[in-house]
Amino acid sequence: MSDQQGKASASVAGNVWAPGDATARVQSASDAERTAAAPAQATRPAVVSAGPRSVSRRTRKARLRLSRIDPWSVMKTSFLFSIAFGIMFWFATYVVWSVIGASGLFDALNVMLQTLLQNPNDQTQVRVEDFVNTNKVLGVAALIAVINVVLLTAIGTLTAFLYNLSANILGGLELTLAED
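All of these numbers come straight from a predicted model, not from anything done at the bench.

Next up on the list: the overall build of the protein chain. From N to C terminus, the protein chain includes four helices and four strands. Mapped from its N terminus to its C terminus, the protein chain presents α and β elements in the order β-β-α-β-α-α-α-β. Out of the 180 residues belonging to the protein chain, those deemed buried represent 13%. Counting contacts in the protein chain only where the partners sit at least 6 residues apart, residues at least 24 apart contribute 64% of the total.

Here it is, written out as structure tokens:
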């Protein structure tokens with residue numbers, strides 16, 4: 001049975017109508033004029049000021065103590081954040097390496113190395129790209145990202161265990177939350 005069958009609903013103006021009754025949905029001209037003339041009233045009661053002083057609301061405060069952190073949830077969260085950081089690190093490495101290559105820095109570096117290592121008997125070209133290329137740089141960045149994922153996950157989990165040990169002794173962190 002759907003929500004519309006056998007139930008009465010309230011329209012915007014507050015009229016009750018049945019799903020099959022089309023005449024109950026039509027507002028009278030006076031209802032339409034009242035609705036157009038007066039905008040919808042606020043759901044909050046208005047604050048009335050008594051002279052120069054206005055009524056202020058009290059701020060509710062709650063004091064909470066963080067006595068335990070679940071190491072499993074910390075491990076999952078730190079793993080996901082470190083995966084995201086690893087992907088951003090690899091992509092940033094690719095962007096920086098592409099900008100360096102497009103800027104002509106490698107060509108200028110090759111010319112400088114050629115003048116420094118110039119030998120009249122040996123005419124071989126020295127190129128930086130032969131030793132350090134894009135694939136090697138991105139491979140090293142991916143390796144660093146994987147090591148970072150393992151280390152950050154382990155450090156986050158270990159920190160949760162250490163916090164739980166110290167919270168058992170010291171009682172944990174005390175927080176005061178306030179409602180605006």
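Having seen the model, we can carry on.
Here we come to the side chain of Asn-110. Secondary-structure assignment places Asn-110 in helix α3 (residues 105-116). Setting aside anything within four residues of it in sequence, one finds Asn-110 in contact with Val-126, Arg-127, Val-128 and Glu-129.

This part takes up helix α4 (residues 134-170). For an α-helix the count is 3.6 residues per turn, leaving residues at separations of three or four pointing the same way. In this model α4 runs 52 Å from its N-terminal to its C-terminal C-alpha over 37 residues, within 8% of the 54 Å that 1.5 Å per residue would give. Among the residues of α4, Val-137, Leu-138, Ala-141, Ala-145, Val-149, Thr-153, Gly-156, Thr-157, Ala-160, Tyr-163, Asn-164 and Ala-167 are the ones counted as buried. Where α4 is buried, its residues touch β3 (61-66), α2 (71-103) and β4 (173-178). Count one or two residues on from α4 and you reach Gly-171, which has phi positive near 100°.

Moving on, we get to the confidence of the model for the protein chain. The predicted coordinates of low-pLDDT regions are not to be read in fine detail. Within the protein chain, residue pLDDT values average 78, and 69% of them lie at 70 or more. In the predicted structure, residues 1-38 sits below a pLDDT of 50 and forms 21 contacts with residues beyond four places in sequence or in another chain.

A few words now on the pattern of salt bridges. A complete count under the given rule lists six salt bridges for this structure. The partner of Arg-60 in a salt bridge is Glu-179, and the shortest N-O contact between them spans 2.9 Å. Note that Arg-60 is positioned in the loop between α1 (29-37) and β3 and Glu-179 in the segment after β4, a separation of 119 residues in sequence. Relative accessible area serves as the criterion here: at 60%, Arg-60 is assigned to the exposed category. Between Arg-68 and Asp-70 there is a salt bridge, with the nearest N and O atoms lying 3.9 Å from each other.

So, about the packing of α2 against α4. Following both chains from N to C, one finds α2 and α4 inclined at 160°, their axes separated by 8 Å at the closest point. Accordingly, the angle class assigned to the pair α2 and α4 is roughly antiparallel. Crossing of α2 over α4 shows right-handed handedness. Per-class residue counts for the contact of α2 with α4 are 20 nonpolar, 10 polar and no charged.

On to α2, then. With 33 residues, α2 extends 47 Å from end C-alpha to end C-alpha; this agrees with the ideal 48 Å at 1.5 Å per step. Among all positions of α2, only Pro-71, Val-74, Ser-78, Ser-82, Gly-86, Thr-93 and Trp-97 are buried. On its buried face, α2 sits against α3 and α4.

In this section: a nonpolar patch on the surface. Nonpolar side chains collect at one region of the surface, where Phe-85, Met-88, Phe-89, Val-140, Ile-144 and Leu-152 lie side by side and expose about 530 Å² of accessible area between them. For the nonpolar patch, the secondary-structure elements that each account for two or more residues are α2 and α4. One can find Leu-152 in helix α4.

Right, let's get into the packing of aromatic side chains. According to the stated counting rule, one finds three aromatic pairs in the structure shown. Taken together, a centroid distance of 6.5 Å and an interplanar angle of 20° make the contact between Phe-85 and Phe-89 stacked. Within this pair, Phe-85 and its partner Phe-89 are both found in helix α2, separated by four residues, close to a single helical turn. The exposure class assigned to Phe-85 is partly exposed, which follows from its relative accessible area of 40%. For Phe-89, a relative accessible area of 30% translates into the label partly exposed. On the numbers, 6.3 Å between centres and 5° between planes, the contact of Trp-90 with Tyr-94 is stacked.

Cut-offs used in this document
Residues numbered from 1 in each chain as written. Predicted model: local features only at pLDDT ≥ 70, side-chain atom pairs only at ≥ 80, totals over all residues. Heavy atoms only, no water. Helix = DSSP H or I, 4+ residues; strand = E, 2+ residues; numbered from the N terminus. Buried < 20%, exposed > 50% of the residue type's maximum accessible area, 1.4 Å probe, protein only. Contact = heavy atoms within 4.5 Å. Expected span 1.5 Å × (residues − 1). pLDDT = per-residue confidence, 0-100. Salt bridge = Lys/Arg side-chain N within 4 Å of Asp/Glu carboxyl O. Axes fitted to C-alpha atoms, helices over the stretch in contact; angles between N-to-C directions. Parallel < 35°, antiparallel > 145°, perpendicular 65-115°, else oblique. Left-handed = near helix turned anticlockwise from the far one by under 90°. Nonpolar A, V, L, I, M, F, W, Y, C, P; charged D, E, K, R; others polar. Patch = residues over 30% accessible without salt bridge, like charges linked within 9 Å, V, L, I, M, F, W, Y side chains within 5 Å. Areas by Shrake-Rupley, 256 points an atom, 1.4 Å probe, with all protein chains shown as cover. Phe/Tyr/Trp six-rings, centres within 6.5 Å; stacked < 30°, edge-to-face > 60°.

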